[in-house]
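# Examination of the molecular architecture
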Amino acid sequence: MTAALSSIYTDVHIYILFFFNVKRGQHERHFFFCRIVLYYCLNHVDWIQKHVQSQTNGDGHQGECVLHRAVMVRKKLTAGEGRGWLSGTLFCTHFRVAFVPQDAPKGDDDADPILLGDHDVALASIEKVVVVGPNRTKLVTANSSLKFTPEELVLYCRDLRVVCFLFDRLTPDPQVIEITHAIAKTYQPLKAGSVLAFQNAALGSVEMKQFLSNRRRDAHMNWHESAADWQRELERCGATGWRVSSVNDRFEMSTSLPRFIVVPQKVLDTELKKSFAHFNDGRIPRWCWRHPRGSDLLRMAGFQNNIYHEKDDIRNLELILFGCRSSLCVVVELGEDLPSAADIQLAHGRLRALCLGDISTSVTVPDDKWLSTLEATHWLDYTRWCLKKASEVACLLRGGHMTVALQEAEDRDLSCVVSSLVQVMCDPHCRTRRGFQSLVQKEWVTAGHRFYSRGNYHRDNDKEEAPVFLLFLDCAWQLWSQYPSRFQLSDDFLLALHDSAHLPLFSSFLANSQRERCRRSQNQGQCYTPVNGWRDPLHTDGAPEPPDPPLPPVWDWSLQYGERRRAGFTQPVPPAPAPRPALNGNLNADLDANRPSDASPGSVFLLSRGVFSCPANLLPWRGGVGGGISGVYRKSHRRAPSSESVPGLERLLRARSLAEARSGPPSRPVPDPYEPLLPLLVGPCVGLWKECYHRGALHPQVCAEAFSHPLSANHRHPVELLAREVQRLQEQLDRARPPSSPAAETAEPRPAPFADLNHNANNGTFLYPRRPPATRQLQSGQKQGNLVVCPPPPPGFFCKYLAGRGRRPTMHLEPSLTHFLHESWRLFFFFF
């Protein structure tokens with residue numbers, strides 16, 4: 001708004017000075033008119049601001065300033081948008097690049113504001129700007145100078161989108177150059193406070209702050225921020241024997257853990273405080289989820305090796321690890337089987353370079369090497385490893401009556417991925433939209449995943465950057481693509497969450513822990529001293545820092561998308577059958593039958609690299625001088641009788657299967673809604689998320705379109721393409737036939753020779769239109785003009801062929817399949 005008023009004021013001021021320097025006697029009326037215009041501009045700021053906003057769209061932000069605009073611009077639509085071009089006007093504000101179509105409806109002034117429209121791009125999401133001119137392309141930066149008028153403007157975004165705008169020949173050249181320079185200068189992160197400036201531009205107005213302060217959160221979603229929220233989760237899972245502890249209420253025990261954690265009821269808070277020092281960053285074992293068969297899922301960080309222990313420390317640790325009524329604990333080591341944060345960042349960078357490409361450079365990947373280059377990125381390998389580890393943990397929890405603890409060195413990256421995937425596989429509630437949002441809140445937001453460091457929004461610490469959360473979304477999409485009917489949420493929801501993670505506007509992604517979010521919501525910092533603990537700092541200059549704009553949570557989707565887009569976040573699914581009544585939190589009434597017989601009570605095993613073991617130093621604490629294991633540790637920590645008798649993962653599953661086989665099949669089979677969704681991990685079953693990585697590709701690779709899995713809805717199936725080709729050749733054959741004689745028209749038609757193959761000539765399909773029956777049937781080998789009639793295939797030929805392909809020879813063939821086989825036989829006979 002300031003720039004718009006400045007421009008108006010400058011133009012009027014120059015106009016006034018021009019007439020001031022000439023003879024006043026001749027131009028008094030012009031001078032008086034300019035004074036009126038200047039007075040009107042300075043006293044009608046509100047009207048000018050509303051007029052500028054109405055030229056971007058109806059949902060314009062209060063205080064949003066239009067820097068430049070270009071008329072008669074066409075935007076290239078992606079495959080998801082219907083392809084083609086859309087005409088409209090392009091605007092550049094201090095917050096976004098807005099494109100308004102010509103036929104866009106006028107917005108309602110009383111409607112709630114939307115941060116980004118369907119065709120808008122946030123400036124913080126832009127990674128680079130490329131312009132295309134006559135026979136040349138150029139990467140535009142803040143200090144670049146254009147020596148030609150661009151014909152196309154290409155925006156490469158951080159969320160893997162490529163937005164292309166085409167300037168018309170009638171678009172004024174000054175508008176093209178000015179809006180290109182404005183975008184290049186505005187999106188650049190010139191200083192450390194660029195993110196704060198972007199937030200103030202989007203949310204800093206008085207009206208927007210008031211609107212967000214009056215905004216209410218979704219009451220049907222569990223936010224896992226209060227003790228009541230965690231108690232609701234315990235009741236939903238039926239986890240008796242566990243309680244919500246407020247031992248970390250002021251974040252004195254651990255700065256990265258949430259305020260409330262779930263621990264066994266047998267452990268008191270006074271005893272629990274002694275266990276924080278034995279784990280990295282104080283992240284002790286804590287409850288995450290309970291399987292209906294009675295198994296509990298825990299998370300914990302690595303052990304501290306230089307801390308002395310006592311007898312009570314080991315006893316408290318055993319009470320936490322074994323949970324409630326569990327006699328078997330499996331510690332799953334994640335650091336040995338899964339990639340590191342640096343590996344994930346490197347793989348994602350290679351994937352971006354492969355899928356996006358760059359028209360400003362001449363380096364491209366040939367089509368015949370595209371798939372091998374995709375494999376060399378190792379992104380799909382890392383996705384497969386995470387799904388495999390989560391499947392192993394899900395199978396362990398399915399066994400019942402055990403505790404599975406996920407252990408990572410810092411417990412803030414891969415443990416979030418595995419624990420979330422396990423719950424998506426086993427819990428139908430986590431496959432709904434609100435359930436998935438609550439899952440992300442529990443296992444990522446409040447659990448202390450370093451969103452701010454891993455996202456690297458300031459671009460000041462590349463060593464910490466790693467898209468771990470995007471890897472989880474890719475894994476969740478792999479499950480959705482293989483079991484779409486088991487998910488109430490859609491892939492469009494996962495795509496929207498993927499895009500929101502690149503936008504620094506939401507409190508969910510702009511902090512590393514719950515403590516940092518609490519500090520920001522209070523608009524004040526805190527300092528820690530050993531005597532006073534956490535206290536508010538004293539401002540020496542007497543002037544407090546200006547408060548930041550309130551950041552909404554990412555789950556407030558109405559701020560980002562319209563009603564039509566939000567309606568596509570869910571899909572109808574059949575209701576899951578109700579589970580059997582819970583008994584003490586367990587749905588399995590006979591847990592002893594599923595318990596491995598060779599595991600003694602109080603056994604702790606380690607699962608690493610897919611192999612079970614029982615190392616003597618599972619808890620590497622020093623018990624005395626020399627670092628040896630003390631007698632207290634040997635007496636308290638009970639291990640399995642021998643490492644050779646440790647059951648492997650296959651043995652655990654086999655024991656459970658045998659126990660179920662002995663019990664006999666039920667009289668009426670009831671599907672188990674908590675049966676884990678085990679994904680297929682072999683070969684092309686783990687495919688590329690094309691709707692995310694290829695949605696903005698300007699030059700899509702042919703091999704990627706042909707071999708990506710699953711097939712996109714925007715491309716025809718190969719069988720349909722072949723069927724259309726058969727139909728086209730059939731029409732050519734019909735046109736090549738000479739007109740039939742009158743005697744042939746009056747002849748009685750014969751029955752179709754392929755009636756024994758379940759072909760109904762009166763039915764049309766979506767592949768083949770209905771055709772009238774033939775009026776005259778010729779014998780095989782008989783000529784009609786220059787055309788040789790195709791003989792019928794041998795009896796039962798197609799059935800025998802399908803039987804050789806693994807199908808029953810007596811099966812009923814669909815009409816479309818029968819028709820397709822008939823036409824293929826005729827073409828084969830005609831051409832060969």
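Everything here concerns the structure above.
The structure displayed is predicted, hence computed values, not measured ones. (Residues numbered from 1 in each chain as written. Predicted model: local features only at pLDDT ≥ 70, side-chain atom pairs only at ≥ 80, totals over all residues. Heavy atoms only, no water.)

## Some details on the overall build of the chain
- Within the chain, the regular secondary structure consists of 27 helices and 20 strands.
- The 832 residues of the chain split such that 47% are buried.
- Sequence separation of 24 or more characterises 72% of the internal contacts of the chain that already satisfy a separation of 6 or more.
- As displayed, the chain has an accessible area near 42,400 Å², and 54% of this comes from carbon and sulfur atoms. (Helix = DSSP H or I, 4+ residues; strand = E, 2+ residues; numbered from the N terminus. Buried < 20%, exposed > 50% of the residue type's maximum accessible area, 1.4 Å probe, protein only. Contact = heavy atoms within 4.5 Å. Areas by Shrake-Rupley, 256 points an atom, 1.4 Å probe, with all protein chains shown as cover.)

## Re the nonpolar core
- The biggest cluster of nonpolar side chains holds 141 residues, and the ones touching the most others in it are F436 and F469.
- The biggest single contributor to this core is helix 16 (residues 468–482), with eleven residues.
- Setting aside residues no more than four positions away along its own chain, F436 makes contact with V424, H429, C430, F472, L473, A476, L489, F493, L494 and L497.
- V97, V129, L146 and A184 belong to the second-largest nonpolar core, a separate cluster that totals 28 residues. (Core = buried A, V, L, I, M, F, W, Y, C linked by side-chain atoms within 4.5 Å.)

## Description of the state of the cysteines
- Counting across every chain of the model gives zero disulfides.
- Cysteine C416 remains unbridged, with the sulfur of C288 as its closest cysteine sulfur at 8.9 Å.
- Residue C416 is classed as buried on the basis of its relative accessible area of 0%. (Disulfide = S-S within 2.5 Å.)

## A short note on the sheet that holds strand 8 (residues 162–167)
- Here we have eight strands laid out as an open sheet, ordered 4-3-2-1-8-7-5-6, and antiparallel in their pairing. In the strand order of this sheet, the two ends are held by strand 4 (121–122) and strand 6 (136–140), each with one partner.
- In terms of strand pairing, strand 2 (residues 85–93) meets strand 3 (residues 96–101) through five bridges, oriented antiparallel. Paired with F91 across the bridge in strand 3 is A98.
- Relative to the sheet, helix 4 (residues 173–186) contacts strand 1 (66–76), strand 2, strand 3, strand 5 (126–133), strand 6, strand 7 (152–157) and strand 8, its axis offset from that of strand 1 by approximately 110°. (Pairing = 2+ DSSP bridges. Axes fitted to C-alpha atoms, helices over the stretch in contact; angles between N-to-C directions.)

## Points about helix 12 (residues 379–399)
- Across its 21 residues, helix 12 extends 31 Å between first and last C-alpha, which sits within 8% of the 30 Å expected from 1.5 Å per residue.
- Burial of helix 12 is extensive: 18 of the 21 residues sit out of reach of the surface.
- Where helix 12 terminates, the next one or two residues include G400, which has phi positive at roughly 90°. (Expected span 1.5 Å × (residues − 1).)

## Side note on the sheet that holds strand 11 (residues 286–290)
- Within the open sheet, the six strands sit side by side as 11-12-14-13-17-18. Their pairing is mixed. Edge positions in the open sheet fall to strand 11 and strand 18 (611–613), since each of these has one partner strand only. Looking at each pair of strands side by side, their axes are set apart by 25° on average, direction ignored.
- Pairing of strand 17 (residues 603–608) with strand 18, which is carried by three bridges, proceeds in the antiparallel orientation. Bridging across to strand 18, L606 finds its partner in S613.
- Strand contacts of helix 13 (residues 414–426): strand 11, strand 12 (296–301) and strand 14 (403–408), with the helix running at about 170° to strand 12, the strand carrying the most contacts.

## Considering the environment of A184
- Note that A184 resides in helix 4.
- According to the relative accessible area criterion, A184 is buried, its value standing at 0%.
- Separated by 58 residues in sequence, A184 and I126 place their C-alpha atoms 9.4 Å apart.
- Setting aside residues up to four positions removed in sequence, A184 forms contacts with V140, T141 and A142.

## A look at unusual backbone geometry
- Within the chain, M72 stands out as a residue other than glycine whose phi angle is a positive 55°.
- Relative to the helices and strands, M72 is located in strand 1.
- Looking at M72, the relative accessible area reads 33%, which means it is partly exposed.
- Backbone geometry at D411 places phi at a positive 60°, although glycine is not the residue there.
- Considering the arrangement of structural elements, one finds D411 in the loop between strand 14 and helix 13.

## Some remarks on the packing of helix 13 against helix 14 (residues 433–445)
- Their axes nearest at 10 Å, the elements helix 13 and helix 14 cross at an angle of 150°. Of the possible angle classes, the one that applies to helix 13 and helix 14 is roughly antiparallel. Note that helix 13 runs across helix 14; the crossing there is right-handed. Contacts between helix 13 and helix 14 involve C416, V417, S419, S420, Q423 and V424 from the former and F436, L439, K442, E443 and W444 from the latter.
- The residue makeup of the contact of helix 13 with helix 14, split by class, is six nonpolar, three polar and two charged. (Parallel < 35°, antiparallel > 145°, perpendicular 65-115°, else oblique. Left-handed = near helix turned anticlockwise from the far one by under 90°. Nonpolar A, V, L, I, M, F, W, Y, C, P; charged D, E, K, R; others polar.)

## Let's talk about the pairing of strand 7
- Counting buried positions along strand 7 gives five out of six residues, so the element sits mostly inside the fold.
- As paired strands, strand 5 and strand 7 are joined by six bridges and run antiparallel to one another. Bridge pairing in strand 7 places V129 opposite L155.
- Sheet topology note: the strand 7/strand 8 ladder contains five bridges and is antiparallel. What sits directly across from E152, in strand 8, is L166.
- Where strand 7 folds back onto strand 8 in an antiparallel hairpin, the turn is made up of four residues, including L160, whose phi is positive at roughly 70°.

## Examining the packing of aromatic side chains
- Applying the stated criterion across every chain yields a total of 22 aromatic pairs.
- Geometrically, the ring pair formed by F279 and F303 is tilted, given 5.1 Å between the ring centres and 40° between the ring planes. Here F303 lies in the loop between strand 12 and helix 9 (311–322) and F279 lies in the loop between helix 8 (269–272) and strand 11, a separation of 24 residues in the sequence. Side by side, F279 and F303 carry an identical accessibility label, which is buried.
- With a centroid separation of 5.7 Å and 10° between ring planes, the pair formed by F436 and F472 is classed as stacked. Of this pair, F436 sits in helix 14 while F472 is found in helix 16, placing the two residues 36 residues apart along the sequence.
- Here F436 falls in the buried class, since its relative accessible area comes to 1%.
- An aromatic cluster is built from F436, W444, F451, F469, F472, F493, F509, W555, W557, Y561 and F569, whose rings are joined through pairwise contacts.
- For R74, the ring lying beneath its charged end belongs to W85, and the centroid distance is 5.6 Å.
- A cation sits over an aromatic face here: K128 above Y156, 5.0 Å from the ring centre. (Phe/Tyr/Trp six-rings, centres within 6.5 Å; stacked < 30°, edge-to-face > 60°. Lys NZ or Arg CZ within 6 Å of the ring centre and 35° of its normal.)

## Examining the pairing of strand 1
- Relative to strand 2, strand 1 runs antiparallel, the two being bridged by eight bridges. Each bridged residue has a counterpart across the sheet, and for R69 the counterpart in strand 2 is F91.
- Relative to strand 8, strand 1 is paired through three bridges, and the arrangement is antiparallel. Bridge pairing in strand 8 links V73 to F167.

## A look at helix 16
- In a regular helix each residue adds 1.5 Å, so 15 residues correspond to 21 Å; helix 16 covers 22 Å between its end C-alpha atoms and thus fits that length.
- For helix 16, the tally of buried residues reaches 15 of 15 residues, placing the bulk of the element in the interior.

## With respect to the pattern of salt bridges
- The tally for this structure, following the rule as stated, stands at 33 salt bridges.
- A salt bridge links E127 to R352; the nearest nitrogen and oxygen atoms lie 2.2 Å apart. With E127 in strand 5 and R352 in helix 10 (residues 341–356), this pair connects stretches of sequence that are 225 residues apart.
- A relative accessible area of 14% means that R352 is categorised as buried.
- In this structure, the salt-bridge partner of R243 is D269, at a minimum N-O distance of 2.7 Å. Highlighted residues: R243 in strand 9 (residues 242–245) and D269 in helix 8, separated in sequence by 26 residues. (Salt bridge = Lys/Arg side-chain N within 4 Å of Asp/Glu carboxyl O.)

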